[in-house]
Amino acid sequence: MTFLSKSAGLLPSTMARLAFAARRQNNVVNPFMSIASSSRSFGADAMRVEAATDKKRSLLNENAQNTVEPNYEHGARPSVAVGDDYNLPHPIWHNEYVYRVETTFRPPEDFVDKMALNTIRAMRFNFDWMSGWMFGEPTASKALSRVCFLETVAGVPGSIAGILRHLSSLRNMKRDHGWIHTLFEEAENERMHLLTYLTLKAPSPGFRAAVWLTQGIFFNFYFVSYLVSPRFCHRIVGYLEEEAVKTYTHILHEIDNGNIKEWQKTPAPPIAKAYWKLPETATMRDVIAVTRADEAHHRDVNHAFATLKPNQPNPFKAGF
C-alpha cells in the first residue's frame, strides 16, 4: 500500500512532464523546412532591397534634374549631382563651368576672420616647405607631393564637423538642418582627390611620417576649435580652399607653360574618369581642372557656412 501510494503520488508530476515533452516535440520545426523557409525569405528580402535601391537611384536622378542650383558667386556650378557605386552624391563638372573658376580672396571682417586667415597663411608656408613646392622650378613630382599633402589635410575638416554635428543632433534630439551630408560629401571628395593622385605617386616613409604628424596636430586643433567656434573653423576651410584654388591654378599654368608638359598627355587615372565622368581621352590636365572646380565649390560653401548660424538650414542640396 505504501509503495502504491508513493507511485500514485508521482503520477501527476510525471504526467505533467510527459505532456510538456509532447507539446515541445509538436512545436519543433523541421530543420530542412526551416532552411527552405529562410531561403525563400532571403530571396524575397533580396528582391525588396533591389527594388528599394532602384527606387532610390531613380529618386536621386530625379533630384539631380529637378533641384534648383544655388547661385554660386564665382560661376563654379555643377550640372549633374549623382554619385555612383559607394560614393556620396557629388558635383559632376563640365567645361562650361570648369574653366570659369577664379582665384578669389574674401577680406576678413573681424577678429575671428583675421585669426582664421593668419592660421591658413602659417599652414600654407609649412605646406610649401614640407612638400618642396617653394624650392626650385615646378615639376610633376613636386606638384604631386604638394597636392597629396594638401589633400591629406583638406579631408579632415568635413569629417570632424560632420561627426560633431551628428553627435549634437543625437544628444539634443533635433534635426541638423541638412549640414551633415554636405560636410561628409566634402570630406569624401577630398579623399577621392588624394586617391586619384596617389595612382601617380608612391609616398616615401618620410612623406608618410609628415602626414601622420600633420594630421595628428591638425585633427586635434580642428576638433577643439569646432567645439568652441564652428564659424572660425568654416572660415579656416574657406581660406584653405582659396589657397587650394591658387595651387591648382598655378599647376594649370605650369602645365600650359611647359614646365609640367607631361601632364598635357598623361592619361587621367581610371578612378578619376569614373568619379568625375571624364571622357576616355581625358588627361591629367583635365583632372587638375575638375579638382580645382571642387576646391572652389568647397571654398564658397564654407564661407557661406561661416556666415550662417549653426541652426540655420543648409542652402546646398545633396550633391551640390
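### A few points about the confidence of the model for the chain
Part 1 of the reasoning: Predicted confidence across the chain gives a mean pLDDT of 80, with 72% of residues reaching 70 or more.
Part 2 of the reasoning: Per-residue pLDDT stays below 50 along residues 22–39; that stretch engages in one contact with residues further than four places along the chain or on separate chains.

### Considerations on the packing of aromatic side chains
Part 1 of the reasoning: A full pass over the atoms with the stated rule returns 11 aromatic pairs.
Part 2 of the reasoning: Ring plane angle 15° and centroid distance 4.3 Å describe the contact between Trp179 and Phe305, whose orientation is recorded as stacked. On the criterion of sequence distance, the pair formed by Trp179 in helix α6 (residues 179–197) and Phe305 in helix α10 (residues 284–307) is long-range, its members being 126 residues apart. Pair check on accessibility: Trp179 and Phe305 agree, each one buried.
Part 3 of the reasoning: Stacked on the ring of Trp179, the Lys or Arg Arg165 has its end atom at 4.1 Å from the ring centre.

### Overview of a nonpolar patch on the surface
Part 1 of the reasoning: On the surface, Phe219, Phe223, Val224, Leu227 and Val228 cluster together into a nonpolar patch covering about 480 Å² of accessible area.
Part 2 of the reasoning: Judged by relative accessible area, which is 32%, Phe223 ranks as partly exposed.

### Re the nonpolar core
Part 1 of the reasoning: Counting residues in hydrophobic clusters, the biggest one holds 63 residues, and the most contacted among them are Tyr197, Ile251, Trp263, Trp276, Leu278, Val287 and Ile288.
Part 2 of the reasoning: The set of elements that each furnish at least two residues to this core consists of α3 (95–98), α4 (111–131), α5 (140–172), α6, α7 (205–228), α8 (230–257), α9 (270–276) and α10.
Part 3 of the reasoning: Leave out the neighbours within four places in its chain, and Ile288 touches Tyr197, Tyr248, Ile251, Leu252, Ile255 and Trp263.

Quick notes on the rules
Residues numbered from 1 in each chain as written. Predicted model: local features only at pLDDT ≥ 70, side-chain atom pairs only at ≥ 80, totals over all residues. Heavy atoms only, no water. pLDDT = per-residue confidence, 0-100. Contact = heavy atoms within 4.5 Å. Phe/Tyr/Trp six-rings, centres within 6.5 Å; stacked < 30°, edge-to-face > 60°. Helix = DSSP H or I, 4+ residues; strand = E, 2+ residues; numbered from the N terminus. Buried < 20%, exposed > 50% of the residue type's maximum accessible area, 1.4 Å probe, protein only. Lys NZ or Arg CZ within 6 Å of the ring centre and 35° of its normal. Patch = residues over 30% accessible without salt bridge, like charges linked within 9 Å, V, L, I, M, F, W, Y side chains within 5 Å. Areas by Shrake-Rupley, 256 points an atom, 1.4 Å probe, with all protein chains shown as cover. Salt bridge = Lys/Arg side-chain N within 4 Å of Asp/Glu carboxyl O. Core = buried A, V, L, I, M, F, W, Y, C linked by side-chain atoms within 4.5 Å.

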